[in-house]
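Commentary on secondary and tertiary structure
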Amino acid sequence: MSTDSTGSDDGPVTEEITITVNGTDVTAAVEPRLKLSDFLRYECDQHGVRVGCEHGVCGACTVQQDGRTVKSCLSYAVQADGAEIETVEGLAAEDGSLHPIQEAFHETHALQCGFCTSGFVMAAKELLEENPDPSREEIETGLADNICRCTGYQNIYEAVERAAERMEE
Amino acid sequence: MSRSQPTETDADVTAETERESFTGQGLPRVEDHRILTGRAEYIHDITPENCLHMALVRSMHAHADVVEIDTSEAEAHPECELVLTGEDLRAEYNPMPTGIETVTTDDGTEGTIEEWSLAADTVRFVGEPVAAVIATNRYVAEDIADLVDVTYDPKDAVADGLAAREDEVVVHESVGTNVVDHERLEFGDPEAAFEEADHVVEGEFSWGRISGVPLETAGVVAQYDDDTDSFDIDCNIQLHTLVDDTIYETLGYDADDVRVNVPADVGGSYGTKIAIHRYCCLAAMASKALDRPVKFEEDRIENLQGGDMHCSDREYRMRLAVDDDGTMCGLDVWFVDDFGAFPRYPINQVLKPLSVLTNSYVIEDAVYEYDLVLTNKTSQTAYRGFGVDPHIYALEMIVDQAARELGMDPTEFRRQNLIEPDQQPYTLPSKNLYDSGDYPATLDRIEEIIEDERDGGLLDPEVVAAKREEGKYRGVQPSVIIEPGVSGSDWTDRQRSDREALADRPRDDVDELPEHLRAQLREDGTVRAYLATDSSGQGHQTLVSQLLADELELLPSDIEVDYLDSVDAPTEYGSAASRMAVMLSGATVGVAEALIEALEAVAADHWEVSTDEVAYRDGQVERADGSDTLSLTELAAIDAEGEKRRTHVSYNYDHPATDFEEFDDAFSQKLPVYPTAAFGANAPIVEVDVNTGEVDILKFYTVRDCGTMLNPMIVEGQAHGGIAQGVGAALLEEFGYEENGQPQAITLFDYLLPSIENVPEIEMEHTVTPSPFTVTGAKGVGEGGMIDAPASIATSINAALEPLEVDAPADQIPVSPAHLRSKLREERQ
């Protein structure tokens, strides 16, 4: 992770990027090594992006980049220059009412400690956008990149199914 | 620096319509809204202004002398604020408290074990921190950590618990042995039982190193205050009011000068986060040196490799004495528990299995013997079940084996030996009591469920036979398993006690830990309650608001629930041992009574009548003659005029075993006291591919009883999560080590957590047998699933492979494909 920043009088090398985060353009000068997850958490205050493993297994940091989910701990902020990012903070309506996926997770008790939840919600969002009526097998495939340590997944299936019904209405 | 988030009215409480009983309803949680919208503040989210960041330099050797630590290059880095080494700590601070400080060897010599937050002379496991670097941000701190040059002189290491007993390599030369604790407990007359029984069945079983692996790693933000010479520490430690001594004693400060605060949201703990005090101490020391806040976020590799978070690692030799007619006569449990490099506080988990020594069976004569050994591996901490899970697993394995040797059906063998309902409350040979339950009926019910699968379902004989042709063997073996709940604490000092003196110890000397709850009437007529305990997803805020609403005849949205930090809260036991539902519900009833009494007194004084002439009802106080009422808002205003707030009350709910003299023997002998016994029967239907050794759980049936279900949704959620962790433990998870002590699982690519693809569909039924020992009839339920699923999955694997006549195929946890393949090949040769 080390760069040639050490000992340089000019400080670390940075690059100016602009990323649209939940509809707002954010321009910042960042080191090329800054992870997208850290950019979102610390430069954009989107704390709903959780960092659980930093090597792409747990999926807690899942966000949507140009409509597709990415694990934001596996890419660098500079790679998202010009992209549109959506995080869990962007889901609820302006009047504060929850997105159907958020609502369904709440009603079915599909979260306990909640650390993995933003990642699951974002993965479920992509799944339902592509497939509004997924089978259990399709939910399994769609959420296989995320790990939950508390709920045991059963209620997560139910949440996704309930959200699918709501979103179709 | 309190940052906890109280429940708020914007957290919707959808189930409330009108006043009704909320207890027993699956009320959705008040915690969810902030989490789902990304507004929850976990420890990683807390970064005060002016905050510096810490990175640690860790040993890559399992055992080595530290020859030199050269920090000059690191300190020359322009963004380096501080480098701390073990030498720096020794000048100013104390070692961290350990579970066993003094070890007396057979020849009578005494040696001490010291663990420092940073190693100085010797490193004893891969990942042990040797230096701490503080810099402007985490990236730079890690850069600078790379510049710290440590010269090691590697030594031989020992990484196997059984081998470590030979003392060829000694982890702590100061004590001269790796066996730092040993005990042999005998109950009844086991010698006679084994001599007189028709058969003695023997087996060896091993339980690999696993852990909770919460998705949120450890984190801490420490801030030293120069004016008051005190510390504020935000961290995600578990049991923050109990284990805060590991922090303040290391720092050498009084408890009141070290304020430990845990955020309202913690990303999982499962017991494992009680041991993160090293990070708290180091961040605090750095903060004091720099007079700025210092933050540390553990990364996943640190967490898995050397994060002080591993759990039980045991080798068992079990013996069961049985008669020809299938009566279990005697049990002999012997095991070695590999504790890693230092004996931490969770040494107690070698003893907790005594609370369920014979599981659900009547066995009156038993031996329980263990060696607690040290090796060059990461130190152990607690994990959901606290050492009971390996015990239940090994016991169920020997029961299976005995049935097979007797030629009996394993289910019938189990049924014949179950504790009957008319024997409840049942006193175990190890002095603990089970409170209530009908175990035979539970086994009957799970048998009925399986019968349905045998008739055209997953276990239909034709389907099973056809699958066998493909090399896929299906099977199931149910058993009834107990979850001990609601620990008293006194037994946890057994290892540090003069054991001979325990025989005559008076009951009055026993300390038990109550649970503390506060309630305050606020100006707007709402009530705010304060928990003395931390939470990591169990829904404590929901539970208290739901129960308090019932007691006060209010709505849950009239109640806010917040947390106390370690200074404000009394030293109570907190979130552990499946205590919280029982202890918080008991405390809620008590604190509500205290508040009602206070409200009546305030009203009576206001009206200048006696308290007999007023009554609290439906959120207000009424005069008995019906002439007047005072609302909670009015009462708050009246109370605010007085010198002392009478409507600020607190209550300590005593440990439920306190009032029952049946527990006196266990208490006075410092044996584990767990006054609730949730129970259940599991029947996971498994399919073993005999070519690959892979195990697929087709469906997990379970019938469970935890007494009164205060919030069924939370109860089921706990069970789902526990079973998922049990599936991981049984089939996937293990911290393997090379012989030289190099850890083999340091990423989530190596340490395999169950994903949605691994956890089967769970079909759960509940029965309700209230506990006669607790105020609400609830039993502890927080560790279920993890305690029972590994044993049940293992017995089902044995049942599936029975036609192949393999000797105990599931004799180790995890039952990995490689292990099963080698067992199957051995048998074929």
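Note on numbering: residues in each chain are counted from 1, in written sequence order. For this description, chains carry letters from A and ligands carry numbers from 1, given in the order in which they are written. Restriction of local features to residues with pLDDT of at least 70 applies here, the model being predicted, together with a cutoff of 80 or more for giving and counting side-chain atom pairs; totals for whole chains, interfaces and linings are based on all residues. The basis for every side-chain value is the complete set of non-hydrogen atoms in the structure, without hydrogens or water.

1. Brief notes about the overall build of chain A
In DSSP terms, a helix is any run of H or I states spanning at least four residues, a strand is any run of E spanning at least two, and both are numbered starting from the N terminus. When its secondary structure is counted, chain A shows 5 helices and 5 strands. Listing each helix as α and each strand as β along chain A from the N terminus yields β-β-α-β-β-β-α-α-α-α. As a reference, a globule follows 2.2 Å times the number of residues to the power 0.38, and the radius of gyration itself is taken over C-alpha atoms. Relative to the compact-globule value of 15 Å for 169 residues, chain A shows a C-alpha radius of gyration of 17 Å, a close match. C-alpha atoms of chain A, sized along the principal axes, occupy 60 × 30 × 25 Å. Any residue under 20% of the maximum accessible area for its type is buried, any over 50% is exposed, and the rest in between are partly exposed; the area is computed with a 1.4 Å probe on protein chains only. Looking at chain A as a whole, 57% of its 169 residues are labelled buried. Roughly 6800 Å² of accessible area belongs to chain A as shown, and the carbon and sulfur atoms make up 41% of that amount. In this tally, Lys and Arg are treated as positive and Asp and Glu as negative; His is ignored, and so are the chain termini. To locate a charge, take atom NZ for lysine, CZ for arginine, CG for aspartate or CD for glutamate. Looking at charge distribution, chain A has the averaged site of its 11 positive side-chain charges lying 8 Å from that of its 33 negative ones. A 1.4 Å probe and the Shrake-Rupley method give the accessible areas. Residues count as covered only by the protein chains that appear here.

2. Remarks on the sheet that holds strand E1 (residues 15-21) of chain A
All names here are of chain A. Any two strands with at least two DSSP bridges between them are considered paired. Strand order in the open sheet formed by 5 strands is E2-E1-E5-E3-E4, and the pairing between neighbours is mixed. The open sheet is flanked by strand E2 (24-30) and strand E4 (68-71), the only strands paired with a single partner. Strand-to-strand twist across the sheet, computed as the mean angle between neighbouring axes with direction ignored, equals 40 degrees. Bridge analysis of E1 against E2 gives 7 bridges, and the strand direction is antiparallel. Its bridge partner lying in E2, Thr-20 is registered against Asp-25. Of the strands in this sheet, strand E3 (62-65), E4 and strand E5 (84-86) touch helix H3 (residues 117-130), which is tilted by about 40 degrees from E3. As a rule, the C-alpha atoms of each element are fitted with a line to give its axis, helices using only the stretch in contact, and angles between N-to-C directions run from 0 to 180 degrees. Two residues form a contact once any of their heavy atoms are found within 4.5 Å.

3. Some details on the sheet that holds strand E8 (residues 149-154) of chain B
Residue and element names in this part refer to chain B. As summarised here, the arrangement of the 3 strands in space is E6-E2-E8, forming an open sheet in which the pairing is antiparallel. Here the strands that pair on one side only, and so sit at the sheet edges, are strand E6 (122-123) and E8. Pairing geometry for strand E2 (residues 64-70) and E6, over 2 bridges, is antiparallel. Counterpart to Ala-64 in the pairing with E6 is Val-123.

4. Observations regarding helix H14 (residues 540-552) of chain B
All names here are of chain B. Given a helix with a known number of residues, its expected span is that number minus one, times 1.5 Å. End to end, H14 covers 18 Å across 13 residues, agreeing with the expected 18 Å (1.5 Å per residue, within 8%). Burial within H14 is extensive, with 12 of its 13 residues counted as buried. Looking only at H14, the buried set comprises His-540, Gln-541, Thr-542, Leu-543, Val-544, Ser-545, Gln-546, Leu-547, Leu-548, Ala-549, Asp-550 and Leu-552. Count one or two residues on from H14 and you reach Glu-553, which has phi positive near 55 degrees.

5. Observations concerning the layout of surface pockets
For each structure, a 1 Å grid was placed over the protein atoms alone; sets of points admitting a 1.4 Å probe that cannot get out are labelled cavities, open sets with protein on both sides within 12 Å along at least five of seven lines are labelled pockets, and lining residues have an atom within 4 Å of a point. Grid points are joined across faces, edges and corners, and a volume is the space filled by probe spheres set on the points. Here the largest pocket defines a volume of roughly 750 Å³. Along the walls of the largest pocket sit 29 residues, with Leu-56, Glu-142, Asp-146, Asp-299 and Glu-302 of chain B positioned nearest its centre. Those elements that place two or more of their residues in the lining of the largest pocket are strand E1 (52-58), helix H4 (138-145), E8, strand E14 (294-297) and helix H9 (300-306) of chain B. Residue type decides the class: Asp, Glu, Lys and Arg count as charged, Ala, Val, Leu, Ile, Met, Phe, Trp, Tyr, Cys and Pro as nonpolar, and the leftover types, Gly among them, as polar. Counted by class, the lining of the largest pocket contains 14 nonpolar, 3 polar and 12 charged residues. A volume near 640 Å³ is recorded for the second largest pocket. Every residue lining the second largest pocket is counted, 30 residues in all, and those nearest its centre are Asp-696, Ile-697, Glu-757, Asn-758 and Val-759 of chain B. Mapped by element, the contributors of at least two residues to the lining of the second largest pocket are helix H4 (136-142) and helix H5 (154-168) of chain A together with strand E29 (676-689), strand E30 (695-705) and helix H18 (712-731) of chain B. The residue makeup of the lining of the second largest pocket, split by class, is 14 nonpolar, 6 polar and 10 charged.

6. Brief notes about the nonpolar core
Soluble, globular proteins show a tendency: their nonpolar side chains are buried together. Core analysis: the biggest nonpolar cluster contains 222 residues, and Phe-105 of chain A together with Ile-233, Leu-320, Phe-413 and Ile-797 of chain B have the highest contact counts within it. With 11 residues, helix H10 (residues 388-406) of chain B is the largest single contributor of residues to this core. Leave out the neighbours within four places in its chain, and Leu-320 of chain B touches Phe-194, His-199, Val-200, Val-201, Met-328, Gly-330, Leu-331, Ile-363, Ile-398, Val-399, Ala-402 and Phe-413 of chain B. Note on terminology: a nonpolar core comprises buried Ala, Val, Leu, Ile, Met, Phe, Trp, Tyr and Cys residues joined through side-chain atoms within 4.5 Å.

7. Section: the interface of chain B and chain A
Between chain B and chain A, the contact holds 59 residues from the first and 51 residues from the second. Surface buried jointly by chain B and chain A totals about 4800 Å² across both partners, of which 57% is contributed by carbon and sulfur atoms. On the chain B side of the interface with chain A, the three residues burying the most area are Leu-36, Tyr-139 and Ile-756 of chain B, jointly 20% of the side's total. A pairing counts as a salt bridge when a side-chain nitrogen of Lys or Arg comes within 4 Å of a carboxyl oxygen of Asp or Glu. Between chain B and chain A we count 5 salt bridges in total. One salt bridge connects Arg-33 of chain A with Asp-143 of chain B, and the closest N-O pair in it is separated by 2.9 Å. Buried area adds together the accessible area that both of two parts lose upon being put together, with accessible area traced by a 1.4 Å probe.

8. Observations concerning the packing of aromatic side chains
All names here are of chain B. Here a Phe, Tyr or Trp ring, Trp counted by its six-membered ring, pairs with any other such ring whose centre lies within 6.5 Å, and the pair is stacked when the planes are under 30 degrees apart, edge-to-face when over 60, and tilted otherwise. Applying the stated criterion across every chain yields a total of 17 aromatic pairs over all chains. Both rings, one in Trp-207 and one in Tyr-393, keep their centres 5.9 Å apart while their planes meet at 55 degrees; by these two values the pair is tilted. You can see Trp-207 sitting in strand E10 (residues 199-207) and its partner Tyr-393 sitting in helix H10, a full 186 residues away along the chain. Here a set of aromatic residues connected by ring pairs shows up, and it is made of Tyr-316, Phe-335, Tyr-368 and Tyr-370. Sitting over the ring of Phe-194, Arg-319 keeps its end group 4.2 Å from the ring centre. A positively charged side chain is recorded as over a ring if its NZ (Lys) or CZ (Arg) lies within 6 Å of the ring centre. The angle to the ring normal must also be within 35 degrees.

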